[in-house]
Amino acid sequence: GKYTALQVPAAVLAGLVLWLLWRYQIMPAWLAWCLLLLWILKDVVLFFYVWPAYEPSGEEGPLSPVGQVGVVEEYMEKERMRVRVRGETWRAMPEQRWKKAFRSGQSVRVVDRRGLVLIVRPILTEEKFGSFV
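Residues numbered from 1 in each chain as written. Predicted model: local features only at pLDDT ≥ 70, side-chain atom pairs only at ≥ 80, totals over all residues. Heavy atoms only, no water.

Its 22 residues give helix α1 (residues 2-23) an end-to-end C-alpha distance of 32 Å, which sits within 8% of 32 Å, the value for a rise of 1.5 Å per residue. Within α1 the residues assigned to the buried category are Y3, Q7, A11, A14, G15 and L18. Q25 sits one or two residues past α1 and shows a positive phi near 55°. (Helix = DSSP H or I, 4+ residues; strand = E, 2+ residues; numbered from the N terminus. Expected span 1.5 Å × (residues − 1). Buried < 20%, exposed > 50% of the residue type's maximum accessible area, 1.4 Å probe, protein only.)

So, about the pairing of strand β5 (residues 117-122). Taken across its six residues, β5 has five buried, putting it largely inside the fold. As judged from the four bridges shared by strand β3 (residues 88-94) and β5, these two strands associate in the parallel manner. Residue A92 lies in a different strand from β5, and its bridge partner there is L118. Bridging between strand β4 (residues 107-114) and β5 involves six bridges; their strand directions are antiparallel. Each residue of the ladder has a partner; that of V108, found in β5, is P122. Joining the antiparallel neighbours β4 and β5 is a turn of two residues, in which G115 adopts a positive phi near 65°. (Pairing = 2+ DSSP bridges.)

Turning our attention to the sheet that holds β5. One closed barrel accounts for five strands, arranged β1-β2-β3-β5-β4; its pairing is mixed. Sheet twist, expressed as the average angle between the axes of neighbouring strands with direction ignored, equals 55°. (Axes fitted to C-alpha atoms, helices over the stretch in contact; angles between N-to-C directions.)

Grouped together as the largest cluster of nonpolar side chains are 13 residues, with contacts concentrated most on M81, F102, L118 and V120. When residues of this core are traced back to their parent elements, those giving at least two are β2 (81-85), β3, β4 and β5. At three residues, β2 tops the list of elements feeding residues into this core. Contacts of F102, omitting those with residues within four sequence positions, involve V72, Y75, M81, P94, V108, V120, R121 and P122. (Core = buried A, V, L, I, M, F, W, Y, C linked by side-chain atoms within 4.5 Å. Contact = heavy atoms within 4.5 Å.)

Next up, the structure:
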């Protein structure tokens, strides 16, 4: 719903511009129709790539990353990092109680999401089971 509501005004504006170009004989009608169709197809294709950005925060939705396991790609200053979850790179920050630095390649679990920023905690399998190996 949100994605469509944001794309309809742009498609209407594109249609208006194309109509004006056709009306003043700057562009043939067949080209104007083709460009409008391509504009709409672009919105349809991009929908599947931007879907996670329009999902509400938290555990809702089939594509929500909450509960998924990811890998830290890069740890930056001020507790910011980039995390790869299910093939997508997200901005992330540690859960409140985990203040020490994460390392690249470390496995993390997504515990929440605030907009497009994931809240993660480390998976501590090495610490729990390291002494038995």
